[in-house]
Amino acid sequence: TLKEKNIVAAREIYSLKEKHTALSRENLSLKEENTSIKKKKIAVAAVISTLKKEIIAVGRENKTLKEESIGVARENLNLKKEKIAVATENSTLKEETIAVGRENKSLKEENTTVAGENSTILLKLLVDKERQIKDLETQISSLKNEESKLNNEQKCTVCCDEMPETKRKSTSVGNPRKRAKSSLSDNEKADKKATAGGSKKLKKKISRSVGIKKAKKKESNTKLKNKKSTSTGAEKVKKKSITGYTAPVELSSQLAAIVGGYAMPRHEVVKRMWDYIKENNLQDPEDKQMVICDWKLSLVIPVERFRGFGMSKYLKQHMSGWNATFVNR
């Protein structure tokens, strides 16, 4: 029985030893797990420390960004203030430019009025000078006619002095044609008797006298024809009615300086305006319908460029109703 009890006790001890070895193995595995957990904790602590450092750096960056945003906000405020100041300056400048533009307009109006007055004065002076020139030309023509008459008379007297007395008496009576023929016949006889040199001189003088007489007759005939033609033309003009589109119109001094007259029909004004534009090459080379104004045209048409076929709307302002007294003057 004791042996059996010892065997049982030995078996229990053996089982206890096996349990003890299993427990020791479990303890070792737990120790290994604890060491791995500790290592993991150390790694997590290191990660946490790095994250803390990063958080601190981000906080510092946020502070710098906040400071920068504050600076930008201050700069924006300064810019807004500057914009407000610039806007006020622009408003003042606009007001000044408006005032300057009004002054320029007034100055332009004054310049146009002065130019118009100057053009009227110049036109009056030109008209007076033209009249003086015409008067001088008439005087010169009259003087020339008188000189020609005197020369003809002197030549006639010379011819009469050289002719004998009997022939003078015969030529002094009768028609001018018979006188000329008789003088020619007498002179031919005298030429036959005279020497060769004297005959040539007499022939020249006689031919001159005859040519002068013929020229006088032609002039008298032409004057009579001209008088008849002018009288008939005046009667025709009187018969025609001057009304409507063909009626003459009073023109301003600015327009008269271009057109060359103070009164004429509308269609004549337009025609002379086109003549002035073409003479001075005022048509735009790129677009021939457009006309570029020079200083004379700008007094009539206050525009840099205008359409040629629409000039009548500008010309209306420089035209007024027909006045017969003005035209006659």
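As shown above, the structure is provided for reference.
Residues numbered from 1 in each chain as written. Predicted model: local features only at pLDDT ≥ 70, side-chain atom pairs only at ≥ 80, totals over all residues. Heavy atoms only, no water.

(A) Representation of the overall build of the chain in the model. Along its length, the chain carries 9 helices and 5 strands. When its helices and strands are written in sequence order, the chain yields α-α-α-α-β-α-β-α-β-α-β-α-β-α. By the burial criterion, 17% of the 329 residues in the chain qualify as buried. Look at the contacts in the chain between residues 6 or more apart in sequence, and 39% of them connect residues 24 or more apart. Total accessible area on the chain stands at roughly 26,700 Å², and carbon and sulfur atoms take up 58% of it. (Helix = DSSP H or I, 4+ residues; strand = E, 2+ residues; numbered from the N terminus. Buried < 20%, exposed > 50% of the residue type's maximum accessible area, 1.4 Å probe, protein only. Contact = heavy atoms within 4.5 Å. Areas by Shrake-Rupley, 256 points an atom, 1.4 Å probe, with all protein chains shown as cover.)

(B) Local environment of a nonpolar patch on the surface. On the surface, a nonpolar cluster with roughly 370 Å² of combined accessible area is contributed by Ile121, Leu122, Leu125 and Leu126. Within the secondary structure, Leu122 sits in helix α1 (residues 2–162). (Patch = residues over 30% accessible without salt bridge, like charges linked within 9 Å, V, L, I, M, F, W, Y side chains within 5 Å. Salt bridge = Lys/Arg side-chain N within 4 Å of Asp/Glu carboxyl O.)

(C) Main features of the sheet that holds strand β1 (residues 249–251). Pairing is antiparallel in the open sheet, where 3 strands are placed in the order β2-β1-β5. The open sheet is flanked by β2 (263–264) and β5 (319–320), the only strands paired with a single partner. (Pairing = 2+ DSSP bridges.)

(D) Main features of the nonpolar core. Counting 22 residues, the largest nonpolar core has Leu255, Val269, Met273, Leu297, Ile301 and Leu315 as the members making the most contacts within it. Within the residue set of this core, elements represented by two or more residues are β1, α5 (253–259), α6 (266–279), α7 (295–300) and α8 (312–315). Ranked by residues supplied to this core, first place goes to α6 with 5 residues. (Core = buried A, V, L, I, M, F, W, Y, C linked by side-chain atoms within 4.5 Å.)

(E) Spotlight on the pattern of salt bridges. For the coordinates displayed, the defined rule picks out 2 salt bridges. Residues Glu268 and Arg272 are paired through a salt bridge, measuring 3.2 Å at the closest nitrogen-oxygen approach. Taken together, the residues Glu268 and Arg272, both in helix α6 and 4 residues apart, mark about one turn of the helix. Residue class for Glu268 comes out partly exposed when judged on its relative accessible area of 23%. For Arg305, the salt bridge is made with Asp284, and the minimal N-O distance between the two is 2.8 Å. On the criterion of sequence distance, the pair formed by Arg305 in strand β4 (residues 305–307) and Asp284 in the loop between α6 and β3 (290–292) is long-range, its members being 21 residues apart.

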